Each structure stands twice: as structure tokens, then as C-alpha cells.
Amino acid sequence: MTRVKICGITNMEDALLAAELGANALGFVFAESPRKVKPDKAAEIIAELPPFIATVGVFVNHPAREVKAIANYCKLDVLQFHGEETGDYCQQFHQRVIKGFRMRNYTEIEDWIFHENEFEAETLLDPASNVVAYLVDAYARGQYGGTGIHLNWELVRNLESRKPLILAGGLDHKNVALAIKVVKPFAVDVSSGVELKPGKKDKRKLREFMKVIRECEG
């Protein structure tokens with residue numbers, strides 16, 4: 001079964017609909033972004049979510065002290081680091097961690113191997129490591145996610161990761177079935193592909209996206 005993370009949640013209506021439709025996780029962006037949410041608002045939304053929905057805080061090169069404060073205040077289950085954070089940085093937190101990487105061409109497969117080995121050397125050989133998955137997104141100059149830029153799935157299919165892979169980058173209800181078929185990821189992550197505008201989800205697109213996911217499972 002392919003898990004689903006709906007990212008860029010900024011309001012209660014979108015959060016509850018995503019949960020109702022069967023999303024496994026909701027992402028709250030605390031980095032600079034059109035989808036940035038304040039900790040107070042995120043905490044308010046999270047407090048109303050049903051059980052068994054994982055809450056993910058998205059950060060980009062934040063000071064560790066700030067991440068810890070937000071994570072504890074909002075009661076986040078998972079931390080997603082989408083910048084240049086190192087393995088040692090990730091180990092400072094008691095929450096589970098998703099480490100994001102951006103890819104743009106085949107030569108970066110070598111970079112991927114280097115970074116993964118670097119992570120393994122620092123932390124992942126430790127069975128107590130809190131890094132539980134990698135998220136692979138499309139590269140956009142000066143931006144760290146939520147761009148809607150389509151990721152070349154062949155890049156990801158050629159990766160041999162030691163951790164579960166979460167696929168992001170330009171996914172929507174029209175292409176997610178093919179993406180799952182090609183990549184066979186542990187999970188998919190969608191934000192702009194189910195939006196009416198940045199920070200506001202489109203109910204129809206969100207329903208269609210989750211419908212396709214269910215059909216893939218069948």
C-alpha cells in the first residue's frame with residue numbers, strides 16, 4: 001500500500017478533509033513559503049485531528065533550538081528537513097526524521113550515493129537512528145519544495161536506497177498512478193498538485209488524488 005502525505009496544510013477545513021479521505025500524514029510548513037503556517041495555527045489544527053494521522057513539520061536549515069520549540073509546542077510526530085541538514089543535525093531530535101533531497105539530472109545519482117553514504121557513516125548504521133525515510137523532490141533554484149516542478153521518475157527508479165523513499169515533485173491526480181507504477185515508492189507527497197492556490201487545497205483535486213491512490217491499491 002502506498003502511503004500519502006498531504007503537505008502545505010494551513011487551515012482546519014483542508015486538514016479534516018484530507019484526514020477523512022484517508023491521508024496517512026499531513027505536512028505543516030514552517031520554512032519560508034507561500035504555504036508557511038504559524039505554530040499557533042498548526043497546533044490548533046493538529047489538536048482537532050483524528051487518531052492515527054501523522055503530523056509532519058517541514059523545516060529548511062532552521063536552528064535546532066527553534067525546531068525543538070515548534071515541534072514540542074505543536075506536538076509534531078515527524079520532522080522533515082528539506083535543506084542542507086547533516087546526519088548529525090538530524091540526531092538532535094527525539095522525533096522521527098524524514099530527510100529531503102532535491103534531484104535534477106542523472107549525474108546527481110552519484111551525489112545521492114555520496115550523501116546517503118555520508119548519512120550512513122554519520123548516523124544510519126546506528127540502529128537507534130531516528131532518520132526513517134528519504135524524500136526525493138525536484139530541484140528548483142532557490143526553492144526547497146512545493147514548486148510543482150515534475151521530478152524525473154527514472155532518476156528515482158535507479159536509486160537503491162537503504163531507507164524507504166517518499167516521492168514528491170509535481171504529482172497530481174493525473175500522473176500519480178504512473179509515478180507509483182514506475183518508482184514503487186513507500187509513499188507519495190503532494191502539495192501544489194491538489195491546490196486551488198498556494199495554501200488552499202482544491203476539494204475536487206484532493207478527492208481525485210485520493211481516489212486514484214485507492215484504485216492503485218486495488
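Rules used in this analysis
- Residues numbered from 1 in each chain as written.
- Predicted model: local features only at pLDDT ≥ 70, side-chain atom pairs only at ≥ 80, totals over all residues.
- Heavy atoms only, no water.
- UniProt positions renumbered as here; feature names shortened; annotations may be inferred.
- Helix = DSSP H or I, 4+ residues; strand = E, 2+ residues; numbered from the N terminus.
- Buried < 20%, exposed > 50% of the residue type's maximum accessible area, 1.4 Å probe, protein only.
- Contact = heavy atoms within 4.5 Å.
- Salt bridge = Lys/Arg side-chain N within 4 Å of Asp/Glu carboxyl O.
- Pairing = 2+ DSSP bridges.
- Axes fitted to C-alpha atoms, helices over the stretch in contact; angles between N-to-C directions.
- Parallel < 35°, antiparallel > 145°, perpendicular 65-115°, else oblique.
- Left-handed = near helix turned anticlockwise from the far one by under 90°.
- Nonpolar A, V, L, I, M, F, W, Y, C, P; charged D, E, K, R; others polar.
- Core = buried A, V, L, I, M, F, W, Y, C linked by side-chain atoms within 4.5 Å.

- An unreviewed UniProt entry annotates the chain as N-(5'-phosphoribosyl)anthranilate isomerase originating from Candidatus Aquicultor secundus.
- Under the UniProt heading Sequence similarities (unreviewed entry), the entry covering the chain gives this text: "Belongs to the TrpF family."
- Within the UniProt record for the chain, the comment given under Pathway (unreviewed entry) is "Amino-acid biosynthesis; L-tryptophan biosynthesis; L-tryptophan from chorismate: step 3/5."

Considering the side chain of E195
Moving on, step 1. As for its placement among the helices and strands, E195 is situated in strand β9 (residues 195-197).
Moving on, step 2. Accessibility expressed as a relative area gives 6% for E195, which makes it buried.
Moving on, step 3. Apart from residues no more than four positions distant in its own chain, E195 is found in contact with R35, K200, K201, D202 and K205.

Thoughts on the pattern of salt bridges
Moving on, step 1. With the rule as written, the count across this model stands at 9 salt bridges.
Moving on, step 2. In this structure, the salt-bridge partner of R35 is E195, at a minimum N-O distance of 2.7 Å. Here E195 lies in strand β9 and R35 lies in the loop between β2 (25-29) and α2 (39-47), a separation of 160 residues in the sequence.
Moving on, step 3. E85 serves as the salt-bridge partner of K99, at 3.6 Å between the closest nitrogen and oxygen. Residue K99 is found in strand β5 (residues 96-103), and its partner E85 is found in the loop between β4 (78-81) and α4 (87-90); the two are separated by 14 residues along the sequence. The residues K99 and E85 share a single accessibility class, namely buried.
Moving on, step 4. Here the salt bridges do not stand alone but share partners, grouping E13, D14, K200 and K203 into one network.

Describing the sheet that holds strand β7 (residues 165-167)
Moving on, step 1. One closed barrel holds the 8 strands; their spatial order is β1-β2-β3-β4-β5-β6-β7-β8, and the pairing between them is parallel. On average, each strand axis in the sheet is inclined to that of its neighbour by 25°, with strand direction left out of account.
Moving on, step 2. Sheet topology places β4 next to β5; 4 bridges connect them, and they run parallel. Its bridge partner lying in β5, L79 is registered against V97.

A word on the packing of helix α1 (residues 12-20) against helix α8 (residues 203-217)
Moving on, step 1. Between α1 and α8, the shortest axis-to-axis distance is 11 Å and the interhelical angle comes to 20°. In terms of axis orientation, α1 runs roughly parallel to α8. Our pair here, α1 against α8, has a crossing hand that is right-handed. In this structure, α1 contributes E13, L17 and A18 to the contact, and α8 contributes K203, L206 and R207.
Moving on, step 2. Among the residues making up the contact of α1 with α8, the classes are represented as 3 nonpolar, no polar and 3 charged.

Overview of the nonpolar core
Moving on, step 1. I6, L26, F28, F30, L79, F81 and F209 are the most contacted members of the largest nonpolar core, which has 58 residues in total.
Moving on, step 2. With near-sequence residues (within four places) excluded, F28 lies in contact with I9, V37, A42, I45, I46, T55, V56, G57 and V58.
Moving on, step 3. Judged by nonpolar contacts, the second largest core, of 10 residues, contains A25, A54, A133 and A168.

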